[in-house]
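If you want the building blocks of each chain, they are given just below.
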2 protein chains.
Amino acid sequence: MILVNGDTETSIRPTDRGFSYGDGIFRTMTMRDRRIIQWQRHYRKLFDDCERLGINCPAATVFEADLAKISLHDPDCIVKIIVTRGIGARGYAALEQVEPTRAVLSSTLPSYPSEYATEGVTVRLCDLRLAHQPRLAGIKHLNRLEQVMARNEWNDPAIAEGLLRDETDHMISGTMSNLFVIRDRQLFTPDLASCGIAGVTRDRIMASAVQLGLDLMVGQLELTELLAADEILLCNSVIGVWQIRELEENRWIKGRVTPLIRALLEKDDD
Amino acid sequence: MILVNGDTETSIRPTDRGFSYGDGIFRTMTMRDRRIIQWQRHYRKLFDDCERLGINCPAATVFEADLAKISLHDPDCIVKIIVTRGIGARGYAALEQVEPTRAVLSSTLPSYPSEYATEGVTVRLCDLRLAHQPRLAGIKHLNRLEQVMARNEWNDPAIAEGLLRDETDHMISGTMSNLFVIRDRQLFTPDLASCGIAGVTRDRIMASAVQLGLDLMVGQLELTELLAADEILLCNSVIGVWQIRELEENRWIKGRVTPLIRALLEKDDD
């Protein structure tokens, strides 16, 4: 099901700044039993990301009306929300009084092999390096050519995800996921001040460090440090948490912390 | 007038990868007397940019049929062509057999003050620094949030353009234009291997160096070198060539080379 500005019309104007410039933001969420998991956190991110780009984010209640329509049609699904700056004249300058465009799209829950969660995943290291752009870092905006190029470096279905480094060769994330490493009693995730997307599940895992009895660290991560980790996790709002089992010639056994994190996330799905 | 895939339907599907990810390229061109100025060069860039992103560029004849329709409606106008990878499933991976989407949009010729060409323009220095992404550098792709953010740093209508530096503080371009400096007998333009868009008018001016009796140089340009130039030019396929008259506390008198370049461009508008 697709709603554009609340209607079941399914078209975007070619002059929409989302189409012209990728001038907008998005979120991808899971709906179960007609409810978006962690909707409050997702809306907060949507709002904050819009604010950073200077886009007027519609009120939560506006999206909630859209989500209610979606839920009648698809009670269990993936929901993607896109908000753009709206229809534009030619040229980069944004008009002040423009109305944002909102699109809400549902799609079927993904059919990842169940062993991705239970046994872990095989990943690769992407060649593409993420560029440093502090003005856009952390935002889930619509300029995603880096992720498209990186994801299209491989088509082996046995490889579940690709890991991305930045232009100074620090580990940042997967193409569609955030990254954590566990070593000794430390939960470490890359700093996203220069590039990357700060996802809702990343926030939730960071917030769970205390409950897990781990020290949270946010900083720069070298590949050698990644390879030396006890456990490496990938996360997002669709996949939940996957442990990395294999990266090139490196192997990891099933960890003790990953199942604890997964259990905490599943216990607190509001 | 707007054509999407050749039809006067004016809608883009919200699942188009151009809208989801900015996964596409564009060109902005001038049509005069029903003909696109420098169409062959524009098509070549369109094709090459599509190839770099792995998008199947439609044949020139396909666009020429669209342009013929546009020309009957708007004999003198600005034409923007957008080509995206096409409709996508959720996720960054591109399906191989997808048909690209093409949109061709006309708009009225811009009404820049005539003294911009005759007397020069006032410009500012933008705060935003362009990120280094060699995999995307030079391509006129749809990920243009950097330009949107930079262009929205000012709204003083007396300022015609903003100059952009990269993350290592080298001068790269304007927000919508390429940059040349003339000093002694040298025509210098920034190297675009790490960021920036390599425009058609930039190519044409580079190719004119011999006729102008100037040595062409492509490389890194510091702000101090820019400020020391005899003449500074901005160019694109809509504005043609503007000389910079004023940048913060710096002033330049009308140059001798700028009018020669403009005359060469106007003489050879095929």
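What counts as what
Residues numbered from 1 in each chain as written. Chains lettered and ligands numbered in written order. Predicted model: local features only at pLDDT ≥ 70, side-chain atom pairs only at ≥ 80, totals over all residues. Helix = DSSP H or I, 4+ residues; strand = E, 2+ residues; numbered from the N terminus. Rg over C-alpha atoms; globule rule 2.2 N^0.38 Å. Buried ≥ 20, exposed ≤ 12 C-beta atoms within 10 Å, placed from the backbone. Contact = placed C-beta atoms within 7 Å. Pairing = 2+ DSSP bridges. Least-squares fit on C-alpha atoms with pLDDT ≥ 70 in both. Domains from an automatic or database assignment. Nonpolar A, V, L, I, M, F, W, Y, C, P; charged D, E, K, R; others polar. Expected span 1.5 Å × (residues − 1). Right-handed = clockwise from strand over helix to strand, strands pointing away. Axes fitted to C-alpha atoms, helices over the stretch in contact; angles between N-to-C directions. pLDDT = per-residue confidence, 0-100.

**Considering the overall build of chain A**
Turning to step 1, where the next piece is worked out: Across its full length, chain A carries nine helices and 14 strands.
Turning to step 2, where the next piece is worked out: For 270 residues, the compact-globule formula gives about 18 Å, and the C-alpha radius of gyration of chain A, at 19 Å, lands near that figure.
Turning to step 3, where the next piece is worked out: A total of 270 residues make up chain A; the buried ones form 49% of that total.
Turning to step 4, where the next piece is worked out: Considering only contacts in chain A between residues 6 or more positions apart, those separated by 24 or more positions represent 71%.

**Some remarks on the pairing of strand 13 (residues 240-247) of chain A**
All names here are of chain A.
Turning to step 1, where the next piece is worked out: Where burial is concerned, most of strand 13 is hidden: six out of the eight residues are buried.
Turning to step 2, where the next piece is worked out: As judged from the three bridges shared by strand 6 (residues 121-130) and strand 13, these two strands associate in the parallel manner. When the bridges of strand 13 are listed, T122 appears paired with E246.
Turning to step 3, where the next piece is worked out: Here strand 12 (residues 231-236) pairs with strand 13 via four bridges, running antiparallel. Residue pairing in the sheet places L233 in a bridge with Q243 of strand 13.
Turning to step 4, where the next piece is worked out: Counting the residues in the hairpin turn of strand 12 and strand 13 gives three residues.

**Details of the relation of the copies chain B and chain A**
Turning to step 1, where the next piece is worked out: The transformation that overlays chain B on chain A combines an axial shift of 0.0 Å with a rotation of 180°, and the residual RMSD is 0.0 Å. Interpreted geometrically, this transformation is the action of a two-fold axis.

**Description of the domain arrangement of chain A**
Residue and element names in this part refer to chain A.
Turning to step 1, where the next piece is worked out: Examined at the domain level, chain A breaks down into domain 1 (2-107) and domain 2 (115-267).
Turning to step 2, where the next piece is worked out: Taken together, the 18 residues of domain 1 in the interface contact nine residues of domain 2.
Turning to step 3, where the next piece is worked out: Only strand 2 (24-32) and helix 2 (39-53) provide two or more residues apiece to the side of domain 1 that touches domain 2.
Turning to step 4, where the next piece is worked out: With seven residues, the single largest contributor to the side of domain 1 that touches domain 2 is strand 2.
Turning to step 5, where the next piece is worked out: Here the side of domain 1 that touches domain 2 is built from residues that sort into six nonpolar, seven polar and five charged.

**Concerning helix 2 of chain A**
All names here are of chain A.
Turning to step 1, where the next piece is worked out: Helix length check: helix 2, at 15 residues, gives a terminal C-alpha distance of 21 Å against a target of 21 Å (1.5 Å per residue), a fit within 8%.
Turning to step 2, where the next piece is worked out: If you check which residues of helix 2 are buried, you get R41, H42, Y43, K45, L46, D49, C50 and L53.
Turning to step 3, where the next piece is worked out: Structurally, helix 2 contributes buried residues whose contacts are with strand 2, strand 3 (35-36), helix 3 (60-73), strand 4 (77-84) and helix 6 (200-207).
Turning to step 4, where the next piece is worked out: G54 lies just past helix 2 and shows a positive phi near 75°.

**Notes on the pairing of strand 7 (residues 161-166) of chain A**
All names here are of chain A.
Turning to step 1, where the next piece is worked out: Where burial is concerned, most of strand 7 is hidden: six out of the six residues are buried.
Turning to step 2, where the next piece is worked out: What you see with strand 7 is no split at all: E161, L163 and R165 on one side and G162, L164 and D166 on the other are buried throughout.
Turning to step 3, where the next piece is worked out: As judged from the five bridges shared by strand 6 and strand 7, these two strands associate in the parallel manner. Within the sheet, the bridge partner assigned to V123 lies in strand 7 and is E161.
Turning to step 4, where the next piece is worked out: Chirality of the crossover, the property in question, places the unit of strand 6, helix 5 (residues 145-151) and strand 7 among those that are right-handed.
Turning to step 5, where the next piece is worked out: With three bridges connecting them, strand 7 and strand 8 (residues 171-174) associate as antiparallel partners. Looking at the pairing, L164 lines up with S173 of strand 8.
Turning to step 6, where the next piece is worked out: The turn linking strand 7 back onto strand 8 is made up of four residues, and D169 within it adopts a positive phi angle of 70°.

**Details of the sheet that holds strand 4 (residues 77-84) of chain B**
All names here are of chain B.
Turning to step 1, where the next piece is worked out: Within the open sheet, the five strands sit side by side as 1-5-4-2-3. Their pairing is antiparallel. Either end of the sheet is taken by a strand with one partner, and the two such strands are strand 1 (2-4) and strand 3 (35-36).
Turning to step 2, where the next piece is worked out: One ladder, built from three bridges, connects strand 1 with strand 5 (residues 101-107); its direction is antiparallel. By the bridge assignment, L3 is partnered in strand 5 with V104.
Turning to step 3, where the next piece is worked out: Of the strands in this sheet, strand 2 (24-32), strand 3 and strand 4 are in contact with helix 2 (residues 39-53), which crosses strand 2 at around 175°.
Turning to step 4, where the next piece is worked out: Contacts from helix 3 (residues 60-73) reach strand 1, strand 2, strand 3, strand 4 and strand 5 within the one sheet, and its direction differs from that of strand 5 by about 25°.

**A few points about the environment of B:V257**
Residues and elements named next belong to chain B.
Turning to step 1, where the next piece is worked out: Checked against the element boundaries, V257 lands in helix 9 (residues 257-267).
Turning to step 2, where the next piece is worked out: Sequence separation of V257 and Q243 is 14 residues, and the distance between their C-alpha atoms is 9.7 Å.
Turning to step 3, where the next piece is worked out: Apart from the residues lying within four places of it in its own chain, the contact partners of V257 are I182, L212 and E231.

**Looking at the interface of chain B and chain A**
Turning to step 1, where the next piece is worked out: Each side of the interface is counted separately: chain B has 43 residues, and chain A has 43 residues.
Turning to step 2, where the next piece is worked out: Elements with a minimum of two residues in the side of chain B that touches chain A: strand 1, helix 1 (17-21), strand 4, strand 5 and helix 5 (145-151) of chain B.
Turning to step 3, where the next piece is worked out: Per-element tally for the side of chain B that touches chain A: the top contributor is helix 5 of chain B, with six residues.
Turning to step 4, where the next piece is worked out: Residue classes in the side of chain B that touches chain A are distributed as 20 nonpolar, 14 polar and nine charged.

**With respect to unusual backbone geometry**
Residue and element names in this part refer to chain A.
Turning to step 1, where the next piece is worked out: Here the phi dihedral of R34 falls at roughly 70°; this positive angle occurs in a residue that is not glycine.
Turning to step 2, where the next piece is worked out: Relative to the assigned elements, R34 resides in the loop between strand 2 and strand 3.
Turning to step 3, where the next piece is worked out: What makes R34 partly exposed here is the crowd of 14 C-beta atoms within 10 Å.
Turning to step 4, where the next piece is worked out: You will see that E248, though not glycine, has its phi angle at about 50°, which is positive.
Turning to step 5, where the next piece is worked out: With respect to the helices, strands and loops of the structure, E248 is situated in the loop between strand 13 and strand 14 (250-251).

**Thoughts on the sheet that holds strand 3 of chain A**
Residue and element names in this part refer to chain A.
Turning to step 1, where the next piece is worked out: Here we have five strands laid out as an open sheet, ordered 1-5-4-2-3, and antiparallel in their pairing. Two strands lie at the open edges of the sheet, namely strand 1 (2-4) and strand 3, each paired on one side alone.
Turning to step 2, where the next piece is worked out: Relative to the sheet, helix 2 contacts strand 2, strand 3 and strand 4, its axis offset from that of strand 2 by approximately 175°.
Turning to step 3, where the next piece is worked out: Across the sheet, helix 3 is in contact with strand 1, strand 2, strand 3, strand 4 and strand 5 (101-107); its angle to strand 5 comes to roughly 25°.

**Overview of the confidence of the model for chain A**
Turning to step 1, where the next piece is worked out: Within chain A, residue pLDDT values average 95, and 99% of them lie at 70 or more.
Turning to step 2, where the next piece is worked out: Across the assembled chains, the prediction reports ipTM 0.96 with pTM 0.97.

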